[in-house]
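Here is how the chains run, residue by residue.
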Amino acid sequence: MSSEVFFKPITELGSLLAAKKISSVELMQAVLARTKAIDSKVQAFNSFDEADALAQARASDERRAAGQAGGPLDGIPVGIKDVISVAGQPLTASSKMLANFVSPYDATATRKLKAAGAICWGRLNLDEFAMGSSTENSAFKTTCNPWDLTRVPGGSSGGSAAAVAAGEAVAALGSDTGGSIRQPAALCGVVGLKPTYGLVSRYGLIAFASSLDQIGPFGRTVEDAAILLGAIAGHDANDSTSFKAEIPDYRAGLAKRKGPWKLGIAKEYFAEGIDPEVNAAVQSAIAHYKKLGCEIREISLPHTKYAVAVYYIIATAECSSNLARFDGIRYGHRSKDATDALDIYFKSRAEGFGPEVKRRIILGTYVLSSGYYDAYYLRAQKVRTLIRRDFLNAYQEVDAILTPTSPTPAFKRGAKADPLAMYLCDIYTIGVNLAGLPGISLPCGFSKSGLPIGLQIIGQPFKEADLLAIARAYEQGHDWHTKHPTL
């Protein structure tokens, strides 16, 4: 067994497991050993249950011995962002508010992973309640970028991206509200997919902004992402926003869809603010698609300039509503200093929520308040419609859109203490959530200082099979996904 088996993709590990060259228990033990050796540096995990993980691995080996293996995910350790429910495991959202909460049920996504035989492995760190772009807002710890421990892994799913990049999980689930899968995937040099809104059930996901949130996978390769998406996608009666879409075999679709494609380059995404090395890497990726015979067209998404403002009005409004339930009375943190019911409410929320969460609740409450609703929230929703229309108009001409994922490589921890500077980190990813579209980030190079750079591909609604095939066409011509950080 390779000493770096934890760096192998799902596809390769699945073949090794099927051929009985490795057992799931051995794989889980290797991942456990790796995590114990390096997580004190990376700090990707809030917690993990070693006994439970090994028990899941033994059950997988027993299924395989009985000829009942569940497919390519059977026996594969998949990390879970600590905002997605796993029955009997902590569910903290990296917040003091839920520091001692244990989930009584599985999210639909984790239930489906378990049905596919995957090992739901550990609770991965995030920005508190998924609010942030650097995983510096966690109440418990600051996750580091495995490529440079002085830098951030991105956020809010920074723990998920860092765990996969560092070999502490073979794959992971995250959630994406404004780029929270794609941006950390880019900064950590892995593949991250945000599905079309409604394709993956949000049941069991702690809500940040209900009209924007979407669960999605992290993997080493595009094929890994396709396998994971196939396992978790599909309609769910428990989620009123779940869409009854046909779920194709995404993995098989990679071989069937060969292109060439018409690909759009939005001029608004290559304006001021983009790091020269990021621009060069993305332009190189565009050139590769040209060599493959793809037609490259310049397009315009004219309302992009409003995306950040629109997002931070809508997202904060929804978060102020969603987080009202955390009041210290029904569940969650309750202040020990409270003297009456009103005191419980005020002091519990003051003690339980961190600064960034409070900031967004206050802003969201303001834009929803009497006299300001029409001026801010309603107007933002109207502009959101225009942003979505821009994308749909573009898809009259092109099959997908190529952009950078992040304007810069990973930045130093503490470098963006100004909240507004942090908010601009998601400038290339926010529009995808506002429009409800699928987007994927995959590695497309490294900076001179050895930091990963990500290429974002934005697809058409519910056409993940095409999006994955376009991403795979680039990946097959490069070996970025084979490179790993040294820790």
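Reading guide: rules and limits
- Throughout, a residue's number is its position along its own chain's written sequence, starting from 1.
- Where local features are concerned, this predicted model is filtered to residues with pLDDT of at least 70; where side-chain atom pairs are given and counted, the filter is 80 or more; whole-chain, interface and lining totals use all residues.
- Each side-chain value is worked out from all heavy atoms of the structure, with water and hydrogens disregarded.
- A cavity here means a set of points on a 1 Å grid, drawn over the protein atoms and nothing else, where a 1.4 Å probe fits but cannot get out; a pocket is an open set with protein on both sides within 12 Å along at least five of seven lines, and a residue lines either one if it has an atom within 4 Å of a point.
- Grid points are joined across faces, edges and corners, and a volume is the space filled by probe spheres set on the points.
- Side-chain classes follow a simple rule in which Ala, Val, Leu, Ile, Met, Phe, Trp, Tyr, Cys and Pro form the nonpolar group, Asp, Glu, Lys and Arg form the charged group, and the remainder, Gly included, forms the polar group.
- Whether a residue is buried, partly exposed or exposed follows from its accessible area with a 1.4 Å probe, protein chains only, as a fraction of its type maximum: under 20%, in between, or over 50%, in that order.
- Numbering of helices and strands starts at the N terminus; helices are DSSP runs of H or I of at least 4 residues and strands are runs of E of at least 2.
- Here the rule is simple: two strands pair whenever DSSP picks up at least two bridges between them.
- Seen with its strands pointing away from the viewer, a crossover is right-handed when the path leading from the first strand over the helix to the second is clockwise.
- The criterion is simple. A nonpolar core is a set of buried Ala, Val, Leu, Ile, Met, Phe, Trp, Tyr and Cys residues joined through side-chain atoms within 4.5 Å.
- What counts as a ring pair is set by centres within 6.5 Å for rings of Phe, Tyr and Trp (its six-membered ring), and what kind of pair is set by the plane angle: stacked under 30 degrees, edge-to-face over 60, tilted for all other angles.
- Two thresholds decide whether a charge sits over a ring: the Lys NZ or Arg CZ must be within 6 Å of the ring centre and within 35 degrees of the ring normal.
- In this count, Lys and Arg are taken as positive residues and Asp and Glu as negative ones, while His and the chain termini are left out.
- In the sections that follow, a salt bridge refers to a side-chain nitrogen of Lys or Arg positioned within 4 Å of a carboxyl oxygen of Asp or Glu.
- Polar contact is the term for a pair of N or O atoms within 3.5 Å; when the atoms are in protein, one must be able to donate a hydrogen and the other to accept it, and sequence-neighboring residues count only if both atoms are side-chain atoms.
- Residue contacts are counted whenever heavy atoms from the two residues lie within 4.5 Å of one another.

Any chance you could break down the layout of surface pockets for me, citing the residues and the numbers?
Quantified by volume, the largest pocket comes out at close to 350 Å³. Lining the largest pocket are 18 residues, with Tyr105, Leu205, Ile206, Arg325 and Tyr331 sitting closest to its centre. Residues belonging to the lining of the largest pocket are distributed by class as follows: 11 nonpolar, four polar and three charged.

For the pairing of strand β3 (residues 119-124), give the residues involved together with the corresponding values.
Summarising burial for β3: six of the six residues are buried, a large majority. Note that strand β1 (residues 45-47) and β3 share two bridges and pair antiparallel. Each bridged residue has a counterpart across the sheet, and for Ser47 the counterpart in β3 is Arg123. The pairing of strand β2 (residues 77-81) with β3 spans five bridges and is classified as parallel. By the bridge assignment for β3, Lys81 is matched with Leu124. For the segment spanning β2, helix α4 (residues 108-115) and β3, crossover handedness is right-handed.

Describe the nonpolar core, listing the residues and the values that go with them.
Soluble globular proteins tend to bury their nonpolar side chains together. Of all hydrophobic cores here, the largest spans 147 residues; its most connected members are Leu113, Phe129, Tyr289, Phe391, Leu455, Ile457 and Leu468. The biggest single contributor to this core is helix α10 (residues 307-322), with 10 residues. Counting residues in each nonpolar core, the second largest holds seven residues, with Ala186, Leu187, Met422 and Cys425 among its members.

Lay out the packing of aromatic side chains in plain terms, naming residues and giving numbers.
Summed over all chains, the structure comprises 21 aromatic pairs. With a centroid separation of 5.8 Å and an interplanar angle of 35 degrees, the aromatic rings of Phe101 and Tyr331 are classed as tilted. Here Phe101, found in the loop between β2 and α4, pairs with Tyr331, found in the loop between α10 and α11 (341-352); they are 230 residues apart in sequence, far enough to count as distant. On the basis of an interplanar angle of 45 degrees and a centroid distance of 5.3 Å, the ring pair of Tyr373 and Tyr377 is categorised as tilted. Of this pair, Tyr373 and Tyr377 both sit in helix α13 (residues 373-394), four residues apart, roughly one helical turn. Positioned above the aromatic ring of Phe411 is the side chain of Lys416, whose terminal nitrogen or guanidinium carbon lies 5.1 Å from the ring centre.

I'd like to hear about the side chain of Asp39, residue by residue, with values.
Within the secondary structure layout, Asp39 lies in helix α2 (residues 24-42). The side chain of Asp39 is buried and forms no salt bridge, while Lys141, the nearest opposite charge, is found at 4.7 Å. At 2.8 Å, the side chain of Asp39 and the backbone nitrogen of Ala44 are in polar contact. Once residues lying within four places of it in the same chain are set aside, the contact partners of Asp39 are Ala44, Phe45 and Glu168.

Before we move on, could you go through the pattern of salt bridges and cite the residues and values that matter?
Per the stated rule, a full pass over the model turns up 17 salt bridges. A salt bridge links Asp82 to Arg123, with the nearest nitrogen and oxygen atoms 3.1 Å apart. Highlighted residues: Asp82 in the loop between β2 and α4 and Arg123 in strand β3, separated in sequence by 41 residues. Of the residues examined, Asp82 reaches a relative accessible area of 0% and is grouped as buried. Judged by its relative accessible area of 1%, Arg123 is buried. Beyond isolated ion pairs, a larger network of salt bridges with shared partners links Glu223, Arg251, Arg472 and Glu475.

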